[in-house]
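Below, each chain spelled out in residue letters.
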Amino acid sequence: MKKDQRILFIDFLIIFFSIILINIFFNPNCNQYYDSWKYWDIGKGFLKGDIELLRGYFFPGFLGLLYGVFGDYSQYIWVVFSALLEAFYFVYITSVLWDNNMSDKMVFRVGRYINYLVILILFSGLFYYTLSDLWTFIFASSSLAIIKLLNKTNLIKYNIVYCFIFGMLLYISYNIRTIYLFFSVGALVLLIISLRKSFTGIKSLICFITTVLGTFVSALPQFILNRKVLGLLSFKVQTTNLFSLQLIWGTAYQQYATYIGDEVDNPCVFFIDPVGQNVLSSVGIKLNATEVISGMDSISIISYFKMVLTHPMEYVGIYFRHLVNMLFPMWPSQYVNNFNNNKIPYAIISFTLFYLFVLVLLKRCYLSFYNQIILLPILLPVIAITPGAVESRYFLPLFYYMAGTVCLNTDYNKLLDEIKGNKLQHIVVFVCIFLLFVSIWSTMLASYSGPIDIHI
């Protein structure tokens, strides 16, 4: 084994065992709640022939397969399998995505660990609950790594395999979380541009046909289930008015979280946006603290855009508050068991990352512009979900993009020169924007109408 391969394998083992330890420490009994439990329930239903199509087949189907083979031990097997996948991603796939041939190898290795630790600290629950966000992100961004691999080889046999896997990953990402349809479109556009630039006409055509074939193969189970259960000839994941409901919730509420503690009976935690609720009231939609009471039936996507055009400044404020609130993942476990945990460390980590990321882009301190461009499609689901009922886990792709940029694609000499040369200016800007964000965060927390006083 070559030295570079040995280093990668050692890093893989370290991250793998760290994820196992995180599971043992934070969730030793593999407890699951609400959405994470629902995936297991749907998967078990597949085995009994009790098929529920409110979600795509892939993720619950995989969990059901584990349960069918391993029974009561299936959740522990999932922990091991998931740790293998995630360790492989944060070592091997991350190295492909952010490779720039310019970084010092040791600096790049350290940056890879920091990149992983940032995601682990801010989104720890995604590593021990069976929520689909991390897996969807891994599959989606891995397809972008395939585009980079395509540009490194002209051997048609490898290109065919790569494109087939690419097509499968595109559909699987959409199948697990339908909001990734936006990503799939963006990634497909990047693939077509890459094929036209790198290959001849006939080779590009073969690769594109292989991509379509890969998409078809991964979509076929969904087609069969739609035909069998609903009588529909469709590859579409069936969601009942979900996007419209998300847009209404996103207008009415600044953020949503799920509570699993003992202090409040209702697990749904909504942080109200009074401006958004006034907008909805003006068109006849009434809400209480947790749900739409009336008027929802009259709202369509077109009606929503009419509201945006009628109240443009209100919606600018709503979207800005969503974005700022999501830059502060205050409950990394994803399920809240303590409203008033110490949020300041997460605020400092996330805002510092955001500030450095913006600084790297504005001052062009990145090592490879191509790396910044190739990963842009992963941000499309984030942009698409921002108007909706946002949860911090939806912004995982943005945090990976920011952490990858700062940790793996930055010219640190240039960045340090910029910071040292304008030290006072950066301190003032950093502190002022941080305090502005903290005020927005604290206002959002105060908007909770439940029996507990939530604070930063």
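This text goes with the structure placed above it.
Residues numbered from 1 in each chain as written. Predicted model: local features only at pLDDT ≥ 70, side-chain atom pairs only at ≥ 80, totals over all residues. Heavy atoms only, no water.

Caption draft 1: Spotlight on the overall build of the protein. When its secondary structure is counted, the protein shows 19 helices and 5 strands. Here the C-alpha atoms of the protein give a radius of gyration of 23 Å, agreeing with the 23 Å that 2.2 N^0.38 yields for 456 residues. Out of the 456 residues belonging to the protein, those deemed buried represent 52%. Roughly 21,000 Å² of accessible area belongs to the protein as shown, and the carbon and sulfur atoms make up 68% of that amount. For the protein, the separation between the mean place of its 30 positive charges and that of its 23 negative charges on side chains is 13 Å. (Helix = DSSP H or I, 4+ residues; strand = E, 2+ residues; numbered from the N terminus. Rg over C-alpha atoms; globule rule 2.2 N^0.38 Å. Buried < 20%, exposed > 50% of the residue type's maximum accessible area, 1.4 Å probe, protein only. Areas by Shrake-Rupley, 256 points an atom, 1.4 Å probe, with all protein chains shown as cover. Lys, Arg positive; Asp, Glu negative; His and termini not counted. Charge placed at Lys NZ, Arg CZ, Asp CG, Glu CD.)

Caption draft 2: Layout of the packing of aromatic side chains. Tallied over the full model, the rule gives 59 aromatic pairs. Ring geometry for Tyr39 versus Phe59: centroids 4.9 Å apart, planes at 90 degrees, classification edge-to-face. Taken together, the residues span a long stretch of sequence, with Tyr39 in helix H2 (residues 34-48) and Phe59 in helix H3 (residues 58-70) at a distance of 20 residues. For Phe59, a relative accessible area of 1% gives the class buried. (Phe/Tyr/Trp six-rings, centres within 6.5 Å; stacked < 30°, edge-to-face > 60°.)

Caption draft 3: Structural detail: the state of the cysteines. Counting across every chain of the model gives 0 disulfides. For the unlinked cysteine Cys365, the closest cysteine sulfur is that of Cys407, found at 15 Å. (Disulfide = S-S within 2.5 Å.)

Caption draft 4: Just the pairing of strand S2 (residues 268-272), in detail. Most of S2 sits inside the fold, with 4 of its 5 residues counted as buried. Direction of pairing for strand S1 (residues 253-259) relative to S2: antiparallel, over a ladder of 5 bridges. The residue bridging Tyr253 from the neighbouring strand is Ile272, located in S2. (Pairing = 2+ DSSP bridges.)

Caption draft 5: Molecular detail of the pattern of salt bridges. Summed over the entire model, instances satisfying the criterion amount to 10 salt bridges. Here Arg55 ties to Asp35 by a salt bridge, and the two come within 3.1 Å at their closest N and O atoms. A residue pair is termed long-range when its members are at least 10 positions apart, and Arg55 in the loop between H2 and H3 and Asp35 in helix H2 qualify at 20 residues. One network of salt bridges, with partners in common, ties together Asp35, Arg55, Asp133, Arg177, Glu391 and Arg393. (Salt bridge = Lys/Arg side-chain N within 4 Å of Asp/Glu carboxyl O.)

Caption draft 6: Representation of the sheet that holds S2 in the model. Strand order across the open sheet formed by 3 strands is S2-S1-S5, with mixed pairing between neighbours. Two strands lie at the open edges of the sheet, namely S2 and strand S5 (335-336), each paired on one side alone. Sheet topology note: the S1/S5 ladder contains 2 bridges and is parallel. Following the sheet pairing, Tyr259 is matched in S5 by Val336.

Caption draft 7: Structural context of a nonpolar patch on the surface. Side chains of Leu181, Phe182, Val185, Val189, Ile193, Phe243, Ile301, Phe305, Leu380 and Ile383 sit close together on the surface and give an oily, nonpolar patch of about 880 Å² of accessible area. Taken together, the elements giving at least two residues each to the nonpolar patch come down to helix H8 (181-198), helix H12 (301-310) and helix H16 (380-385). With 5 residues, the top contributor of residues to the nonpolar patch is H8. Mapped onto the elements of the fold, Phe305 is located in helix H12. Classification of Phe305 as partly exposed rests on a relative accessible area of 48%. (Patch = residues over 30% accessible without salt bridge, like charges linked within 9 Å, V, L, I, M, F, W, Y side chains within 5 Å.)

Caption draft 8: Structural context of the side chain of Asp133. Considering the arrangement of structural elements, one finds Asp133 in helix H6 (residues 133-150). Each residue touching Asp133, except ones within four places of it in the same chain, is listed here: Leu126, Arg177, Arg393, Tyr394 and Leu396. (Contact = heavy atoms within 4.5 Å.)

Caption draft 9: Main features of the nonpolar core. Counting residues in hydrophobic clusters, the biggest one holds 117 residues, and the most contacted among them are Leu97, Leu144, Trp331, Phe339 and Phe395. Looking at this core, the element that brings in the most residues is helix H4 (residues 74-98), giving 12 residues. If near-sequence neighbours (up to four positions away) are discounted, Phe395 is found in contact with Phe123, Leu323, Met326, Val382, Ile385, Thr386 and Val390. One finds Tyr253, Tyr256, Phe270 and Leu280 within the second-largest nonpolar core, a separate group that totals 15 residues. (Core = buried A, V, L, I, M, F, W, Y, C linked by side-chain atoms within 4.5 Å.)

Caption draft 10: Just helix H17 (residues 396-408), in detail. In this model, H17 (13 residues) spans 17 Å end to end at C-alpha, consistent with the 18 Å of a helix rising 1.5 Å per residue. Burial within H17 is extensive, with 13 of its 13 residues counted as buried. (Expected span 1.5 Å × (residues − 1).)

Caption draft 11: Structural context of the side chain of Thr405. Here Thr405 lies in helix H17. Of note is the side chain of Thr405, whose polar atom sits 2.8 Å from the backbone oxygen of Tyr401. Apart from the residues lying within four places of it in its own chain, the contact partners of Thr405 are Trp98, Phe357, Val360, Gln372 and Thr410. (Polar contact = N/O pair within 3.5 Å; in protein donor to acceptor, adjacent residues only side chain to side chain.)

Caption draft 12: The packing of H2 against H3, seen in detail. The N-to-C vectors of H2 and H3 enclose an angle of 65 degrees; their axes lie 7 Å apart at closest approach. Considered as vectors, H2 and H3 are oriented roughly perpendicular to each other. Seen along the crossing, H2 lies across H3 with a hand that is right-handed. On the side of H2, the interface is formed by Tyr39, Trp40, Ile42, Gly43, Lys44, Phe46 and Leu47, while H3 contributes Phe59, Pro60, Gly61, Leu63, Gly64, Tyr67 and Gly68. (Axes fitted to C-alpha atoms, helices over the stretch in contact; angles between N-to-C directions. Parallel < 35°, antiparallel > 145°, perpendicular 65-115°, else oblique. Left-handed = near helix turned anticlockwise from the far one by under 90°.)

Caption draft 13: The arrangement of the environment of Gln75 in detail. By the secondary structure assignment, Gln75 is in helix H4. Between the C-alpha atoms of Gln75 and Phe216, which are 141 residues apart in sequence, the distance is 30 Å. Excluding residues within four positions of it along the chain, Gln75 makes contact with Cys30, Gln32 and Trp40.

Caption draft 14: Looking closely at the environment of Leu375. Note on placement: Leu375 falls in the loop between helix H15 (369-374) and H16. Counting along the chain gives 230 residues from Leu375 to Ala145, while the straight-line C-alpha distance between them is 8.9 Å. Every residue in contact with Leu375, bar those within four places of it in the chain, is listed here: Leu97, Trp98, Leu144 and Tyr401.

Caption draft 15: Geometry of the packing of H6 against helix H7 (residues 156-176). Packing of H6 against H7 brings their axes to within 8 Å, and their N-to-C directions diverge by 155 degrees. Classified by the angle between their axes, H6 and H7 sit roughly antiparallel to one another. H6 and H7 meet at a crossing whose hand is left-handed. Residue-level inspection shows Thr136, Phe139, Ala140, Ser142, Ser143, Ile146, Ile147, Leu149 and Leu150 of H6 in contact with H7, the latter providing Asn159, Tyr162, Cys163, Ile165, Phe166, Leu169, Leu170, Ile172, Ser173 and Ile176.

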